[in-house]
Amino acid sequence: MADTLQFDLVAPERRVASERALQVVIPGFEGDLTAMPKHAPMITTLRPGVLEVFTEKGSQKYIVTGGFAEITSDSATVLAERSHAVEEVTKEMIEEMIAAARAAHLEAKAELVDASAKMLADMVAMGSRMGFEPKN
Amino acid sequence: MPSLKDLKNRIGSVKNTRKITKAMQMVAAAKLRRAQEAAESARPYAEQMQKVMSGLAASSTGAANAPRLLVGTGSDKVHLLVVMTAERGLCGAFNSSIVRMARVRINDLIRQGKTVKILTVGRKGREQLKRDFNELMVGHIDLSEVKRVGYDDARGIADDVMERFKVGEFDVATIFFSRFRSVISQEPTAQQIIPAVFDAPEAFSTIYSFEPTEGEIMAELLPHGVATQIFAALLENGASEQGARMSAMDSATRNAGDMIDRLTIEYNRSRQAAITKELIEIISGAEAL
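Remember, predicted model here, so these are calculated numbers, not experimental data.

Conventions we followed
Residues numbered from 1 in each chain as written. Chains lettered and ligands numbered in written order. Predicted model: local features only at pLDDT ≥ 70, side-chain atom pairs only at ≥ 80, totals over all residues. Contact = placed C-beta atoms within 7 Å. Pairing = 2+ DSSP bridges. Helix = DSSP H or I, 4+ residues; strand = E, 2+ residues; numbered from the N terminus. UniProt positions renumbered as here; feature names shortened; annotations may be inferred. Axes fitted to C-alpha atoms, helices over the stretch in contact; angles between N-to-C directions. Parallel < 35°, antiparallel > 145°, perpendicular 65-115°, else oblique. Left-handed = near helix turned anticlockwise from the far one by under 90°. Domains from an automatic or database assignment. Nonpolar A, V, L, I, M, F, W, Y, C, P; charged D, E, K, R; others polar.

1. Quick notes on the interface of chain A and chain B
The parts lose accessible area when they come together, and the size of an interface is often stated as this lost area.
Moving on, step 1. With 22 residues of chain A at the interface, the matching set in chain B holds 22 residues.
Moving on, step 2. Here strand S5 (residues 42–45) of chain A pairs with strand S6 (residues 209–211) of chain B via three bridges, running parallel. Paired with Ile-43 of chain A across the strands is Phe-210 of chain B, a residue of S6 of chain B.

Given below as structure tokens:
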């Protein structure tokens, strides 16, 4: 059996997933990163995006927004403010999130404009990766 | 001496009351189970959050540019009390015990010369506090339309509180809610959320690398931490409310039963008395002939 790590995906309201995984692709703040067994311990914040976990049975995608991931040599724990399995996600949900991000961007104060623009762009990118092209 | 008809009516109405309290008790029991499950499933997130935050806090408290949510404004003149109660009554001392605790704290703070501001969540607490501290109320958050509290509700409250903090409305924020111990025991609790306090700040045992920097992660996570604490408090409160209502309605049902027994005895006695009286009248009438 190949090396696995304990993967937990936790949302405030429930534990979304908890399983042994071969590798986990996490949308980190500075870019996607892949957690595999014996990864150096690290903590990163998340950007909105698609998280993909590979187990021996196959792979599963989740969307995550806001939160952080803690990676140690034998576990990856992701705390996301919102998290859904890709199958549960509807076009309306993505559009609602993008609309919220866009509204936040429009009323953001000077020092936050960049951050909210990035957030908006990430949301849109997440949407198009899911195959939902946002209407402008 | 109430007439037979009056007694019968009273027994009838107490019976109806008993039916209602019994039904409310059963509804509360069902809701309690759901509330407990919700509180249970929110725990892993809160625990993990707390662990990472206290690790980060331990290593960044000393830093010169530590976020204000963590270290505070450097003064403690203005206190914001977030009092969380239920939207509805008929749950025993649940609401009043939270309000009582808040009231004691308010009077304490005023005596120490601090400024107090009150933000209420839940109608019942607002009604009770308005009588004494109307001029201290700065806001109210209405959750009466919310069927099931979700993280977004907590986030809304947290955003409101943090917005006020950012514009310098207060220095210290404390939430008041009831911790769920068991169906018969709920414990009113005060918990300081801003500046953040940790039971035992301990540095990480592993050396992590951070992306972005530790300070930025901390700044990003602190608002989440506040929201998480409020969310946990809301869930605890929800479970406590249902637990309190369940035991209050249980004793109400029992009391109604006792009352029905007493009234039934009284009813039977008066009925007997009336029969005896009639008999005496008949007999003495017959003797007079």
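We are not done yet, so read on.
2. Re the UniProt feature "domain: ATP synthase F1 complex delta/epsilon subunit N-terminal" (unreviewed entry) in chain A
Moving on, step 1. In this structure's numbering, the residues bearing the UniProt feature "domain: ATP synthase F1 complex delta/epsilon subunit N-terminal" (unreviewed entry) are residues 5–82 of chain A.
Moving on, step 2. The distance separating the terminal C-alpha atoms of residues 5–82 of chain A is 23 Å; by composition the span is 0% helix and 74% strand.

3. Some details on the packing of helix H5 (residues 151–166) of chain B against helix H6 (residues 214–288) of chain B
All names here are of chain B.
Moving on, step 1. One way to put it is that H5 packs onto H6 with a least axis distance of 8 Å and a crossing angle of 125°. By the criterion of interaxial angle, the relationship of H5 to H6 is oblique. Seen from above, H5 lies across H6 with right-handed handedness. Residues Tyr-151, Asp-153, Ala-154, Arg-155, Ile-157, Ala-158, Val-161 and Met-162 of H5 form the contact with H6, whose participating residues are Pro-223, Val-226, Ala-227, Ile-230, Phe-231 and Leu-234.

4. Details of the environment of Asn-95 of chain B
Moving on, step 1. Residue placement: Asn-95 of chain B occurs in helix H3 (residues 94–111).
Moving on, step 2. When sequence neighbours within four positions are dropped, the list of residues in contact with Asn-95 of chain B reads Thr-85, Ala-86, Gly-89, Lys-124, Gly-125 and Gln-128 of chain B.

5. Concerning the domain arrangement of chain A
All names here are of chain A.
Moving on, step 1. Looking at the assigned domains, one finds that chain A contains domain 1 (5–87) and domain 2 (90–129).
Moving on, step 2. A C-alpha centroid distance of 21 Å is found between domain 1 and domain 2.
Moving on, step 3. Domain 1 puts six residues into the contact, and the matching count from domain 2 is six residues.
Moving on, step 4. Sorting the residues of the side of domain 1 that touches domain 2 by element identifies strand S6 (49–55) and strand S7 (58–72) as the ones contributing at least two each.
Moving on, step 5. Looking at the side of domain 1 that touches domain 2 residue by residue, the class counts come to three nonpolar, two polar and one charged.

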